[in-house]
Amino acid sequence: MKFNREIIPAGEAQSRVMQHVRPGAAELVRLEDAWGRRLAEDLTAAHPVPHFRRSGMDGFALRSVETAGASVETPVRLKVAATIPCGEVMREPLLPGQAARIMTGAAVPDEADAVIMFEQTDSVVEDGVAYVSVHKEMRPGANVSEVGLEMRQGELLLEAGRIIGAGESALLAMFGHSQVRVAVRPRVAVFATGTELLRVDEPLVPGRIRNSNGYMLAAQVREAGAVPFIMEAIPDDVELAKKAILRAMDEYDAVVTTGGVSVGDYDILYDLTQQWDGELLFNKVAMRPGSPTTAGVRNGKLLFALSGNPGACFVGFELFVRPALYAMQGVRQPLPAEHQAVLSVDYAKGDKFTKYLRGVRTVAEDGTVYVAPVGIDASSITVSIRDSDCLIVIPFGENGVQKGETVRVIPLGAWGGTGA
Ligand code: AMP
Ligand code: MG
């Protein structure tokens, strides 16, 4: 019966979901289109960086031993044998007593072991021959970037599951990856359920509300790197729901629904999971908001049936759907990050379930991170989702948490601090 459900902790519910995640396929995209995608394979450095001995200065490449004792009063004079611009190498060997004019980033001749900057030299021309007066004793290796200084050949460059941003794009280009193997973005069908729901473009009428959860979920799906498909909302009719949802489970990689999971007369998602050919993973989690959050699997595909209350719907996505979508894209640590903060107000309400409060963090001058709940602490409230930057985890127990105690927080937002 609806009232007689097995209650499991959120962590157990997460692991039941994770056991059924199938890693998705990979595809090749052009490097310029790879931003924001997840790398599908480990990449190692195919060559050292730099791959030639590189000058770190505009100046003169020379043998450091030949500058012994050089100073402004007792300069050492070397013959300028060549000029080496960026992109070129010196063809002749650098002979003893010679220096080569060299630009930043150019290849240092094999015989040279230091570069002196222009500002520490004077250039003189005598009988049509160019010389440089060196004013400073140079130590071996000065201003020369040795082969492999930045990176050794074979070093791990980027690991599978990593999101491609600016630094990753630079490395991919450095190593010649004009095409990048990335995880295919999972395609996720999003259904709202409830006869009270209006489309976004419909005028309000008494007793009915617009489908806001559908768009919230679609945004969360995108944040998780997947592609949302907002389906037509389903009225409270179990046969209609069954048809639409099961078809979507055949066509999409995962299905997320909102509404109809509690114990009311019209809770069609509960009914559906009692009379389908799939496996119910759970339909009662020891958490608030969202205790009737439900998940199932059918033909290897996951169905997430989240509560209709906006706060509960949002939290249910963060705890169960986001990690699953990350794992489908090869993320190695898909579960929400474990950050800590100091509670800046008393939260004295005890509860038999773990609470996930919408919260906002502030950083004090001494660097301590504080957190406080925002707005009204009810699952029917939407505006606090806008105002929060994290979920505060209040462990179950009689007394709640006192001001000054450290609590766990789950960061929210585009990449949420998770999915590393
Ligand atoms: P339910 O889980 O279907 O019992 O819904 C719980 C509450 O959430 C009800 O007040 C619904 O009107 C509201 N609700 C359900 N679905 C949505 C939705 N898609 N957008 C906004 N509110 C919703
Ligand atoms: Mg409903």
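Residues numbered from 1 in each chain as written. Chains lettered and ligands numbered in written order. Predicted model: local features only at pLDDT ≥ 70, side-chain atom pairs only at ≥ 80, totals over all residues. Heavy atoms only, no water.

Novice: I'm lost on the pattern of salt bridges in this one. Help?
Specialist: Close approach of charged atoms allows side chains with opposite charge to pair. For the coordinates displayed, the defined rule picks out 22 salt bridges. A salt bridge links R322 to E223, with the nearest nitrogen and oxygen atoms 2.7 Å apart. Within this pair, whereas R322 is found in helix α6 (residues 310-328), its partner E223 is found in helix α3 (residues 212-223), the two being separated by 99 residues in sequence. Using a relative accessible area of 3% as the deciding quantity, one classes R322 as buried. Residue classification places E223 among the partly exposed positions, given a relative accessible area of 27%. In the salt-bridge network here, residues are joined through shared partners; they are E6, E12 and R16. (Salt bridge = Lys/Arg side-chain N within 4 Å of Asp/Glu carboxyl O. Helix = DSSP H or I, 4+ residues; strand = E, 2+ residues; numbered from the N terminus. Buried < 20%, exposed > 50% of the residue type's maximum accessible area, 1.4 Å probe, protein only.)

Novice: Any chance you could explain the sheet that holds strand β18 (residues 279-282) here in plain terms?
Specialist: Sheets are built from strands paired through backbone hydrogen bonds, the pairs being either parallel or antiparallel. Within the open sheet, the six strands sit side by side as β16-β13-β17-β21-β20-β18. Their pairing is mixed. The open sheet is flanked by β16 (227-230) and β18, the only strands paired with a single partner. Each adjacent strand pair in this sheet contributes to an overall mean axis angle of 25°, direction not counted. Pairing between β18 and strand β20 (residues 294-298): three bridges, direction antiparallel. Across the sheet, residue E279 finds its bridge partner in β20, namely V297. (Pairing = 2+ DSSP bridges. Axes fitted to C-alpha atoms, helices over the stretch in contact; angles between N-to-C directions.)

Novice: It is not clear to me how the environment of E155 should be interpreted in this structure. Could you clarify?
Specialist: With respect to the secondary-structure elements, E155 resides in the loop between β10 (144-145) and β11 (156-158). Separated by 108 residues in sequence, E155 and H47 place their C-alpha atoms 9.0 Å apart. Other than its neighbours up to four places away in sequence, E155 contacts L43, T44 and A45. (Contact = heavy atoms within 4.5 Å.)

Novice: Sorry, what's going on with helix α1 (residues 10-18) here?
Specialist: Since one α-helical turn is 3.6 residues long, residues separated by three or four positions face the same way. Inspection of α1 places A10, A13, Q14, R16 and V17 among the buried residues, and these make up the whole buried set. One side of α1 holds all its buried residues, which, seen down the axis, span an arc of 160°. Check the buried side of α1 and you find it contacts β18, β20, β21 (301-306), α6 and β23 (354-363). (Arc of directions from axis to C-beta.)

Novice: Explanation requested: the nonpolar core in the structure shown.
Specialist: Note on soluble globular proteins: their nonpolar side chains tend to be buried together. Counting 42 residues, the largest nonpolar core has F282, L302, F304, L306, F320, L325 and Y356 as its most contacted members. Tallying contributions element by element places α6 first for this core, with twelve residues. Residues lining this core come from more than one domain, with at least three contributed by each of domain 1 (10-25 + 184-328) and domain 4 (339-411). In this structure F304 touches V17, V255, V256, T257, T294, A295, F320, V321 and A324, once residues within four positions along its chain are discounted. Counting residues in hydrophobic clusters, the runner-up holds 18 residues, among them A189, I234, I245 and Y252. (Core = buried A, V, L, I, M, F, W, Y, C linked by side-chain atoms within 4.5 Å. Domains from an automatic or database assignment.)

Novice: Just to check I follow, could you spell out the side chain of Q98 for this structure?
Specialist: Note that Q98 resides in strand β6 (residues 98-102). Judged by its relative accessible area of 13%, Q98 is buried. A distance of 2.9 Å separates the side chain of Q98 from the backbone nitrogen of L95, its partner in a polar contact. Dropping the residues within four chain positions of it, Q98 is found in contact with E66, L78, K79, A81 and P93. (Polar contact = N/O pair within 3.5 Å; in protein donor to acceptor, adjacent residues only side chain to side chain.)

Novice: Even after reading the chapter, I still don't get the site of ligand 1, so can you show me in this structure?
Specialist: Neighbouring ligand 1 are 15 residues; E196, N211, N213, G260 and G308 lie closest to it. Within the side chain of E196, an N or O atom sits 2.7 Å from an oxygen atom of ligand 1. A distance of 2.9 Å separates a nitrogen atom of ligand 1 from a polar atom in the side chain of N211. Contact with the protein chains covers 77% of the free accessible surface of ligand 1, which is 480 Å². Elements supplying a minimum of two residues to the shell around ligand 1: β15 (209-210) and α3. Tallied by class, residues from the shell around ligand 1 come to three nonpolar, nine polar and three charged. (Near = heavy atom within 4 Å. Areas by Shrake-Rupley, 256 points an atom, 1.4 Å probe, with all protein chains shown as cover. Nonpolar A, V, L, I, M, F, W, Y, C, P; charged D, E, K, R; others polar.)

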